[in-house]
Amino acid sequence: MATETATATDVSTEAGNWQAGVAGGLVGGIVFGAMMSMMTPGVLEMGIPAMYGIEGPAGAIGWAIHMSHGAVIGLGFAAIAGLKPDVSESIGTSLGVGAGYGLLVWVALAVIVMPIWLSTVGFPGAPPLPNIGVESLVGHVVYGVVLGGAYTTITS
């Protein structure tokens, strides 16, 4: 009679540690969301909910959507870390890659996608294309730095 023994499995794969990516994305989302709440509260209360057809002010819903975005974007970071495992070998490297990732996310999603999306759904406060804002840039880079730091801390 054969027996099987359960063993713990490593969540790291060639795609990176997805759990650390989600967790890091959530931590980064909290920090970025707090910054947004202070600097540009209308984005969380009106802009983000409007992307999904929700009329604001809807701050709690905006926060929930923002955190969901943070988790999903954190998965992208985990995928990059899976391609380049040395990303998480040093905190300095991870912070730098996180900052660069935050910059890329800003360009792709905040500068280009968000204004197009909000215009498409008919949001009257849609930002211009390109949507270049210093607060948004700083927030996305901080998000990336926190994501990178959290990812490395969790995977170490």
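### Thoughts on the packing of aromatic side chains
Item 1. Following the criterion strictly, the structure yields three aromatic pairs and no others.
Item 2. Seen in terms of ring centroids, Phe77 and Tyr101 are 5.6 Å apart; in terms of plane orientation they differ by 65 degrees. Their pairing is edge-to-face. One end of the pair, Phe77, is in helix 3 (residues 59–83); the other, Tyr101, is in helix 4 (residues 91–120), with 24 residues separating them in the sequence.
Item 3. On the accessibility criterion, Phe77 (0% relative accessible area) is buried.
Item 4. Among the residues examined, Tyr101 registers a relative accessible area of 11% and is labelled buried.
Item 5. Taken together, a centroid distance of 5.4 Å and an interplanar angle of 75 degrees make the contact between Phe77 and Tyr151 edge-to-face. Separated by 74 residues along the polypeptide, Phe77 in helix 3 and Tyr151 in helix 5 (residues 134–155) bring together distant segments of the chain. Each member of the pair, Phe77 as well as Tyr151, is classed as buried.

### Focus on a nonpolar patch on the surface
Item 1. A surface patch of nonpolar side chains, about 540 Å² in accessible area, is lined by Leu103, Val107, Leu109, Ile112, Val113, Ile116 and Leu129.
Item 2. One can find Ile116 in helix 4.
Item 3. Since its relative accessible area comes to 41%, Ile116 is described here as partly exposed.

### Looking at unusual backbone geometry
Item 1. That bond from Gly56 to Pro57 is cis: its omega, 5 degrees, falls within 30 degrees of zero.
Item 2. Examined against the element boundaries, Pro57 turns out to sit in the loop between helix 2 (41–51) and helix 3.
Item 3. Of note, the bond from Leu129 into Pro130 is cis; its omega dihedral lies within 30 degrees of zero at 0 degrees.
Item 4. Tracing the backbone shows Pro130 in the loop between helix 4 and helix 5.

### A few points about the side chain of Thr152
Item 1. Along the chain, Thr152 falls in helix 5.
Item 2. Under the relative-accessibility criterion, Thr152 is labelled buried at 4%.
Item 3. Within polar-contact distance, the side chain of Thr152 engages the side chain of Ser94 at 2.6 Å.
Item 4. What Thr152 contacts, discounting residues up to four positions off in sequence, is Val87, Ser88, Ser90, Ile91 and Ser94.

### A few points about the environment of Leu103
Item 1. Structurally, Leu103 is set in helix 4.
Item 2. A relative accessible area of 38% places Leu103 in the partly exposed class.
Item 3. Taking the C-alpha atoms as reference points, Leu103 and Leu83, 20 residues apart in sequence, are found 19 Å from one another.

The rules we used
Residues numbered from 1 in each chain as written. Predicted model: local features only at pLDDT ≥ 70, side-chain atom pairs only at ≥ 80, totals over all residues. Heavy atoms only, no water. Phe/Tyr/Trp six-rings, centres within 6.5 Å; stacked < 30°, edge-to-face > 60°. Helix = DSSP H or I, 4+ residues; strand = E, 2+ residues; numbered from the N terminus. Buried < 20%, exposed > 50% of the residue type's maximum accessible area, 1.4 Å probe, protein only. Patch = residues over 30% accessible without salt bridge, like charges linked within 9 Å, V, L, I, M, F, W, Y side chains within 5 Å. Areas by Shrake-Rupley, 256 points an atom, 1.4 Å probe, with all protein chains shown as cover. Salt bridge = Lys/Arg side-chain N within 4 Å of Asp/Glu carboxyl O. Polar contact = N/O pair within 3.5 Å; in protein donor to acceptor, adjacent residues only side chain to side chain. Contact = heavy atoms within 4.5 Å.

These figures capture arrangement, not role.
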